[in-house]
Amino acid sequence: MLENAKKITVIGGGIWGQTLANLARLNHLAVRVWSRHTGEDLGAIIADTEVIISAVSIKGVVPTIEKLQQLQLNSRIIIVTATKGLEPITTRTPFHLWNQAFPANPLVVLSGPNLAKEINQGLPAATVVASYLQKAAILLQKLLSGESFRVYLNSDPLGTELGGTLKNVMAIASGVCDGLQLGTNAKSALLTRALPEIVRVGTCLGGCQETFFGLSGLGDLLATCNSPLSRNYQVGYQLALGLSLPEILAKLEGTAEGINTTEVLMRIAQEKNLYVPITCQVDRLLRGEISPQVAVYELMRRDLKAEFD
Ligand SMILES: NC(=O)c1ccc[n+]([C@@H]2O[C@H](COP(=O)([O-])OP(=O)(O)OC[C@H]3O[C@@H](n4cnc5c(N)ncnc54)[C@H](O)[C@@H]3O)[C@@H](O)[C@H]2O)c1
Ligand SMILES: O=P(O)(O)OC[C@H](O)CO
């Protein structure tokens, strides 16, 4: 048994929370999953826990933090955040929110090209655990690594988190590209231009440039922008087929974080004067201001420019 059978609590009973719990169970760890729907006493569950993994969607981060604050969390408990989103009111990332609420606790970000359905089938995948406290990240690496799940260390939690969050906007754009059958050249151009847009925003918000070229940045961009399993990709794809956003969301399994992220990111970009042309078109499309075809036209007709500037 690994690491003296560390006790883990996963908060969030969605597909990602269940998947992370299963990965820990494969290593014979004692895992409990708590969700707001189970009605169980969270205080009792975390009484002897050593690691808390938060896998709630962004809407659930602040309520989860507030609930744990009422329980006076032991400062030795390692907190892992696996959410990919931006909090709408403060525009902060989950890492910031957790860090602000529990400054004494070791904090780890987990993010990577991780489509839960593939991991649940036992297909090989890799992820990143990032922390300013290397010891905490190393522990998580040991707890979750297995034959089919390879966990890498990183010391840039913000960059790791932002890569996973910002690519969701690009996944919507990528779904549009495929739904409109724009071809491989268009898709390659879109994904290649998406990366500097992510780097521009991500470094401005405090991530290291190098991180965005790793698994949690480029890796997750490729996974999410190329897979029909991605909910964000599905939103874009189905918009391109002519469905409305409410129609798509009514049938979507789970959360497409990119919808909220696009709105928050537009506010950040305006405030910090960041050039985010793809995000801007995704935003107008999600608001119903333009059609998918017009979004493509607007991207193509922008002023001509140098590739790197
Ligand atoms: N599904 C994946 O493949 C995957 C992979 C990596 C990361 N993620 C990220 O993990 C997070 C969760 O994804 P998911 O696929 O499990 O989503 P999901 O929609 O299946 O589950 C969301 C979870 O958040 C909880 N939640 C929502 N609002 C809440 C609130 N107000 N208070 C408390 N809890 C609340 C729900 O009860 C549920 O347990 C997202 O940020 C997602 O981007 C998902
Ligand atoms: O289904 P999505 O679009 O939330 O994507 C899931 C993961 O973020 C892929 O790494």
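Residues numbered from 1 in each chain as written. Chains lettered and ligands numbered in written order. Predicted model: local features only at pLDDT ≥ 70, side-chain atom pairs only at ≥ 80, totals over all residues. Heavy atoms only, no water.

Labelled according to an unreviewed UniProt entry, the chain appears under the name Glycerol-3-phosphate dehydrogenase [NAD(P)+], originating from Microcystis aeruginosa. Per UniProt, the comment on the chain under Pathway (unreviewed entry) is "Membrane lipid metabolism; glycerophospholipid metabolism." (UniProt positions renumbered as here; feature names shortened; annotations may be inferred.)

A. Representation of the UniProt feature "binding site: NADPH" (unreviewed entry) in the chain in the model. UniProt annotation of "binding site: NADPH" (unreviewed entry) refers to Trp16, Arg36, His37, Lys84, Ala116, Arg231 and Glu257 when read in the numbering used here. Of the annotated set, the members that line the largest pocket are Trp16, Arg36, His37, Lys84, Ala116, Arg231 and Glu257. Take His37: it is sitting in the loop between strand 2 (30–34) and helix 2 (42–46). Using a relative accessible area of 65% as the deciding quantity, one classes His37 as exposed. Examined against the element boundaries, Lys84 turns out to sit in the loop between strand 4 (78–81) and helix 4 (94–101). Look at Lys84 and you get buried, because its relative accessible area is 16%. Here Gly112 takes part through its backbone oxygen, which lies 3.0 Å from a polar atom of the side chain of Lys84. (1 Å grid on protein atoms, 1.4 Å probe; cavity = no way out; pocket = protein on both sides within 12 Å on 5 of 7 lines; lining within 4 Å. Helix = DSSP H or I, 4+ residues; strand = E, 2+ residues; numbered from the N terminus. Buried < 20%, exposed > 50% of the residue type's maximum accessible area, 1.4 Å probe, protein only. Polar contact = N/O pair within 3.5 Å; in protein donor to acceptor, adjacent residues only side chain to side chain.)

B. Structural detail: the site of ligand 2. Taken together, Lys84, Gly112, Pro113, Asn114, Leu115, Lys167, Asp220, Thr224, Leu229, Ser230, Arg231 and Asn232 make up the full set of residues near ligand 2. Side-chain polar atom of Lys84 to an oxygen atom of ligand 2: 3.0 Å apart, as the coordinates give it. Between ligand 2 and Asn232, the relevant distance is 2.7 Å, taken from an oxygen atom to a side-chain nitrogen or oxygen of the residue. Coverage of ligand 2 by the protein chains reaches 92% of its 300 Å² of free accessible surface. Comparing atom positions with the cavity grids shows ligand 2 to sit within the largest pocket. When its residues are assigned to classes, the shell around ligand 2 shows three nonpolar, five polar and four charged. (Near = heavy atom within 4 Å. Areas by Shrake-Rupley, 256 points an atom, 1.4 Å probe, with all protein chains shown as cover. Sits in = over half its atoms within 2 Å of the grid points. Nonpolar A, V, L, I, M, F, W, Y, C, P; charged D, E, K, R; others polar.)

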